[in-house]
Every structure is written in structure tokens, then in C-alpha cells.
Amino acid sequence: MEKETSPQRYLCFDFGEKRLGVATGLRNQMSSQALTVLAVTNDQPDWAQVEQLVAEWRVEAFVVGLPLNMDDTEQELTNKAKKFANRLHGRFGLPTFLHDERLSSAEVKAYLFEMGGYKKLKQNPIDAYAAELILKGFFEQGQYN
């Protein structure tokens with residue numbers, strides 16, 4: 001039997017200036033799940049927490065949401081997300097992909113509101129669910145090839 005050469009277990013990040021949504025998923029199962037939200041200070045998370053997630057989930061690759069404007073232009077946060085992706089790759093040496101994240105947070109808010117109204121919105125880590133949506137979109141578009 002031939003061994004898969006492309007990564008299977010991914011960790012995905014919805015990068016923000018104050019919070020970092022984290023999700024994980026398996027490419028071969030096209031599955032993703034929200035994990036947690038990490039605090040961000042000076043555009044950086046607590047790297048020990050990231051390292052712990054990488055080890056716990058036996059991550060083989062990363063996806064970082066790329067915030068773009070609706071007209072495909074970049075914004076200040078776009079460059080910060082790219083720098084974060086470069087730091088991830090530099091620290092862990094794993095393949096790192098960028099994926100368009102436009103509207104992911106809005107979609108999550110609508111989904112959670114549909115499930116339980118404003119109360120559900122306040123109880124759930126929107127950033128982690130946004131990361132889950134970003135990863136799902138990444139798998140669906142087959143960008144890992």
C-alpha cells in the first residue's frame with residue numbers, strides 16, 4: 001500500500017490582533033473542528049500554547065486565514081497574518097498555507113445565531129469557529145495539492 005505523502009492533520013488559525021481562533025482537521029476525512037481561542041499580544045500568540053496544540057494534535061501542516069478586502073486588495077491585517085504564517089513555518093518547519101477568509105466570521109455569527117440567538121453568540125468562541133470554516137473551505141478547494 002502506498003503511503004500518503006501530503007499532510008493529513010492540519011491546524012488552522014483565524015488571525016486577529018487580539019485573538020487567534022484555532023481549529024484542527026483531517027484532510028482525508030474532509031473534517032474540521034473548532035478548538036480554542038488564544039490571546040494575541042503585539043501580533044503574537046503565546047508560542048508555548050501553539051506548541052502544545054501542535055504536539056497534542058500531531059499536526060503536519062498549517063492553514064492561516066488571509067484577510068482580504070472584498071475587492072481582493074490587502075489590508076493592514078493581511079500583512080500581519082502573512083507574518084504570523086511565516087513565523088509558524090519558521091518555528092515548526094511544517095508546510096504552511098494561506099487561505100482567503102473573507103466573510104468567515106460573518107458566516108459563523110449567522111450560523112450560531114440561527115442555532116440559539118444572541119445567547120449562543122455570547123457563549124461561543126466565534127474566532128475558533130471562523131478557523132473551522134476557513135479550514136473547511138481550504139479542504140473543499142483542494143489547495144493542499
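See the structure shown above.
A few points on the structure. The structure presented is a predicted model; accordingly, all values stated were derived computationally and were not measured.

### Let's talk about the pattern of salt bridges
Okay, so step 1: Overall, the coordinates contain four salt bridges when judged by the stated rule.
Okay, so step 2: Its salt-bridge partner being K80, residue E17 comes within 2.5 Å of it at the nearest N-O pair. Placement of the pair is E17 in the loop between β1 (9-15) and β2 (19-26) and K80 in helix α2 (residues 76-92), with a sequence separation of 63 residues.
Okay, so step 3: According to the relative accessible area criterion, E17 is partly exposed, its value standing at 43%.

### Observations concerning the sheet that holds strand β3 (residues 31-41)
Okay, so step 1: Overall, mixed pairing links the six strands, which are arranged β4-β3-β2-β1-β5-β6 in an open sheet. Looking at the sheet topology across the chains shown, the edges are occupied by β4 (44-45) and β6 (96-100).
Okay, so step 2: By the bridge criterion, two bridges tie β3 to β4 in an arrangement that is antiparallel. Paired with T41 across the two strands is Q44, which belongs to β4.
Okay, so step 3: Along the sheet, helix α1 (residues 47-57) contacts β1, β2, β3, β4 and β5 (61-66); its crossing angle with β3, the most-contacted strand, is approximately 165 degrees.
Okay, so step 4: Against the sheet, helix α4 (residues 126-141) makes contact with β1, β2, β3, β5 and β6, and its axis sits at roughly 40 degrees relative to β2, the strand it touches most.

### Observations concerning the packing of aromatic side chains
Okay, so step 1: One pass over the full model with this rule turns up 10 aromatic pairs.
Okay, so step 2: With a centroid separation of 5.2 Å and an interplanar angle of 50 degrees, the aromatic rings of F97 and F138 are classed as tilted. A residue pair is termed long-range when its members are at least 10 positions apart, and F97 in strand β6 and F138 in helix α4 qualify at 41 residues.
Okay, so step 3: Look at F138 and you get buried, because its relative accessible area is 0%.
Okay, so step 4: Grouping aromatic residues by their ring pairs yields a cluster made of F13, F15, W47, F62, F84 and F92.

### A short note on the nonpolar core
Okay, so step 1: Among the nonpolar cores identified, the biggest contains 20 residues, and L11, F13, F62, F84 and L88 are the most heavily contacted of them.
Okay, so step 2: Listed by contribution, the elements that provide at least two residues to this core are β1, β2, β3, α1, β5 and α2.
Okay, so step 3: No other element matches the five residues that α2 contributes to this core.
Okay, so step 4: The contact partners of F84, leaving out residues within four places of it in the chain, are F13, F15, L20, P45, W47 and V64.
Okay, so step 5: A61, I134, L135 and F138 belong to the second largest nonpolar core, which has 11 residues in total.

Thresholds, definitions, all that
Residues numbered from 1 in each chain as written. Predicted model: local features only at pLDDT ≥ 70, side-chain atom pairs only at ≥ 80, totals over all residues. Heavy atoms only, no water. Salt bridge = Lys/Arg side-chain N within 4 Å of Asp/Glu carboxyl O. Helix = DSSP H or I, 4+ residues; strand = E, 2+ residues; numbered from the N terminus. Buried < 20%, exposed > 50% of the residue type's maximum accessible area, 1.4 Å probe, protein only. Pairing = 2+ DSSP bridges. Contact = heavy atoms within 4.5 Å. Axes fitted to C-alpha atoms, helices over the stretch in contact; angles between N-to-C directions. Phe/Tyr/Trp six-rings, centres within 6.5 Å; stacked < 30°, edge-to-face > 60°. Core = buried A, V, L, I, M, F, W, Y, C linked by side-chain atoms within 4.5 Å.

Purely spatial values, then, with no claim about function.
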